[in-house]
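Notes for the structure review
In case you want the letters, here they are:
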Amino acid sequence: MKRVTFAKIPTGDAGPIIRSLMSDGHVDLHAKISKDDSYRYVPILPESIGIVRDMGLEMMEGDAHTLDRRSPQERIADRLREYPELDGIVPDHWEYVGDIVIVRMDPRCEPYKELIGRTYAEVLGAKTVCADVRGVSGEFRRPSMDIIYGTETESVRLENGIRYGFDVTKVMFASGNTDERMRMRNLDCTGETVVDMFAGIGYFTLPLAKFSGARRVFACEKNPESYGFLVRNVKDNEVSDVVIPILGDNRDLRGRAFADRILMGYVQTTSEFLPAALRMIRPGGIIHYHDTFYVNEYKEKIRGIFDGACGSDGYEIIGIREVKSFAPSVSHYVADVRITPSRRNSPQ
């Protein structure tokens with residue numbers, strides 16, 4: 001048994017810190033992360049000890065236990081081998097949100113959900129395990145979660161230098177939009193005034209406000225629960241001097257031709273909100289328009305929407321990107337559209 005140096009991390013902060021240490025290549029993957037009631041003990045590579053200590057983490061030496069090299073799926077199956085009726089139907093994929101694990105569970109697992117929740121928590125090191133029952137629904141895109149282990153449902157997701165805090169039972173987090181959030185981070189919006197019409201907890205607002213150079217971001221959110229996390233996340237990510245959170249319907253936002261850029265991160269009924277965006281955008285400004293379309297007709301549909309809203313010579317499509325698959329033969333797209341000064345059908 002070899003001696004290694006561990007980072008001693010309070011359990012409540014462990015999830016995002018451990019993932020950050022792993023992504024930066026500081027964790028010794030051949031030794032086991034251990035824990036007690038108060039702390040997680042993360043084995044650190046010798047060449048990273050100084051770096052991790054400079055991060056302010058407490059360090060200690062101890063004996064390393066060899067890591068079980070079996071996959072999590074294999075270890076879960078081993079623990080459930082006494083229940084052959086579960087063979088082949090327990091989830092083999094999951095999503096981490098800090099110390100919370102989210103799974104999609106076969107209805108046949110329902111009588112065993114507490115056993116499954118406890119098993120996944122122990123194998124995956126989670127404080128809470130939730131089963132995604134019916135996905136998201138309604139105007140506010142609320143998730144439908146069944147807590148099958150633990151009680152704590154608030155967590156923090158650390159992604160590309162941004163801390164997203166939210167409650168997994170109350171607020172949707174679209175993990176498939178990671179590339180688009182990174183794109184917002186990398187935009188050059190120096191000096192711009194931006195309106196995020198569907199801010200949520202700050203999905204696009206936060207990376208854009210923190211890294212793009214935008215002068216001001218008006219972040220509008222109608223769902224009071226999402227708005228509460230938006231306000232908290234703006235403060236936690238230290239962008240209060242840039243972001244102005246607004247609770248309410250974005251169609252009630254006041255002002256005309258003041259925004260250099262508008263984010264429309266919604267789907268399925270996005271076109272209903274386009275008149276408000278056109279009222280707020282300056283001539284030459286850019287709208288990032290999200291929506292879902294059949295994969296063989298998205299270009300024509302997007303052109304049709306903007307032709308009807310501002311005339312065929314009132315806009316220019318700079319580019320269209322597929323964000324993610326949405327349903328069979330349907331994908332979520334984002335169109336970057338520049339509004340030209342000559343648009344004919346400007347909303348009154």
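Residue numbers restart at each chain and count upward from 1, following the sequence in its written direction. It should be noted that, the model being predicted, local features are given only for residues of pLDDT at least 70 and side-chain atom pairs only at 80 or more, the latter also being counted only at that level, while totals for whole chains, interfaces and linings use all residues. Excluding hydrogens and water, the side-chain values take into account all heavy atoms of the structure.

**Overview of the overall build of the protein**
Test applied: Each helix is a run of DSSP H or I of at least 4 residues and each strand a run of E of at least 2, with the numbering of both proceeding from the N terminus. Exposure is judged per residue with a 1.4 Å probe applied to protein chains only, and the accessible area is read against the type maximum: over 50% gives exposed, under 20% gives buried, and values in between give partly exposed. In this description, contact between two residues means that some pair of their heavy atoms is separated by no more than 4.5 Å. Every accessible area reported is derived by Shrake-Rupley at a probe size of 1.4 Å, with residue values counting cover from the shown protein chains alone.
Scanning the protein for helices and strands turns up nine helices and 17 strands. For the protein, the spread of C-alpha atoms along the principal axes amounts to about 75 × 50 × 35 Å. In the protein, which comprises 348 residues, the proportion classed as buried is 47%. Of the contacts formed within the protein by residues at least 6 apart in sequence, a portion of 64% connects residues at least 24 apart. Carbon together with sulfur atoms contributes 47% to the accessible area of the protein, which is approximately 17,200 Å² in total.

**Examining helix α7 (residues 224-236)**
Note the threshold: Here, expected helix span is obtained from the residue count minus one, scaled by 1.5 Å. Regarding the arc, it is the one traced by the directions from the helix axis to the C-beta atoms. Residues adjacent in sequence count toward polar contacts only when both atoms are side-chain atoms; beyond that, a polar contact is any pair of N or O atoms within 3.5 Å, and within protein one must be able to donate a hydrogen and the other to accept it.
Look at α7: 18 Å from first C-alpha to last across 13 residues, which is about the 18 Å you get at 1.5 Å a residue. Listed as buried for α7 are Ser 226, Phe 229, Leu 230, Asn 233 and Val 234. In an axial view of α7, the angular spread of the buried residues amounts to 140°, which keeps them on one side of the axis. As for α7, its buried residues are in contact with β9 (154-159), β10 (162-167), α6 (205-211), β12 (216-221) and β13 (243-247). The backbone nitrogen of Glu 225 lies 3.0 Å from a side-chain oxygen of the residue at the head of α7, namely Asn 223.

**Some details on the sheet that holds strand β2 (residues 34-35)**
Applicable threshold: For two strands to count as paired, DSSP must find a minimum of two bridges between them.
Across the sheet, four strands lie side by side as β2-β3-β1-β4; this open sheet has antiparallel pairing. The sheet is open, and its two borders are formed by β2 and β4 (58-63), each paired with just one other strand. In terms of strand pairing, β2 meets strand β3 (residues 39-44) through two bridges, oriented antiparallel. Counted as the bridge partner of Ser 34 is Tyr 41 from β3.

**Notes on the environment of Pro 143**
By secondary structure assignment, the location of Pro 143 is in strand β8 (residues 142-149). For Pro 143, a relative accessible area of 14% puts it in the buried group. For the pair Pro 143 and Ile 201, spaced 58 residues apart in sequence, the C-alpha to C-alpha distance is 14 Å.

**Focus: the packing of aromatic side chains**
Note on aromatic pairs: each is described by the distance of the centres and the angle between the planes. To be explicit about the condition: Aromatic pairs are defined between Phe, Tyr and Trp rings, using the six-membered ring for Trp, whenever the two ring centres lie within 6.5 Å; interplanar angles under 30 degrees are classed as stacked, those over 60 as edge-to-face, and all others as tilted. Note on criteria: charge over ring means Lys NZ or Arg CZ within 6 Å of the ring centre, with the direction from the centre no more than 35 degrees off the ring normal.
The final tally for this structure, using the stated rule, is 10 aromatic pairs. When the ring of Phe 306 is compared with that of Tyr 315, the centres are 5.5 Å apart and the planes differ by 40°; the resulting orientation is tilted. When the ring centre of Tyr 39 is taken as origin, the NZ or CZ atom of Lys 8, which lies over that ring, is 4.4 Å away. Just above the ring of Phe 211 sits the side chain of Arg 185; from NZ or CZ to the centre is 3.8 Å.

**Description of the pattern of salt bridges**
So the rule is basically this: Salt bridge, as used here: a side-chain nitrogen of Lys or Arg that lies within 4 Å of a carboxyl oxygen of Asp or Glu.
Under the definition given, this model contains 19 salt bridges. The partner of Asp 146 in a salt bridge is Lys 113, with the nearest N and O atoms 3.0 Å apart. Of this pair, Asp 146 sits in strand β8 while Lys 113 sits in helix α4 (residues 113-124), and the two are 33 residues apart along the sequence. Residues joined by salt bridges that share partners form a network here, namely Glu 95, Arg 157, Glu 159 and Arg 181.

**A look at the confidence of the model for the protein**
Convention followed: pLDDT runs from 0 to 100 and stands for how confident the predictor is about each residue.
Averaged over every residue, the pLDDT of the protein is 89; the share at 70 or more is 93%. The low-confidence segment residues 344-348 (pLDDT under 50) makes 14 contacts with residues lying over four places distant or belonging to another chain.

**What to know about the side chain of Arg 183**
Within the secondary structure, Arg 183 is located in helix α5 (residues 178-186). Residue Arg 183 is classed as buried on the basis of its relative accessible area of 16%. Excluding its chain neighbours within four sequence positions, the residues that come into contact with Arg 183 are His 288, Arg 321, Val 334 and Asp 336.

**Topic: the sheet that holds strand β15 (residues 281-294)**
Operational definition: All axes are obtained by fitting lines to C-alpha atoms, using only the stretch in contact for helices, and the reported angles, taken between N-to-C directions, cover 0 to 180 degrees.
Judged by pairing direction, the sheet is mixed, and its seven strands sit side by side in the order β13-β12-β11-β14-β15-β17-β16 without closing on themselves. The sheet terminates laterally at β13 and β16 (315-327), the two strands that pair on one side only. The average angle at which neighbouring strand axes cross in this sheet is 15°, direction not considered. Pairing of β12 with β13 involves five bridges; the strand directions are parallel. For Val 217, the partnering residue across the bridge sits in β13 and is Val 243. Docked against the sheet, α7 engages β12 and β13, running at close to 165° with respect to β13. Against the sheet, helix α9 (residues 298-310) engages β15, β16 and β17 (330-339), with an angle of about 130° to β16.

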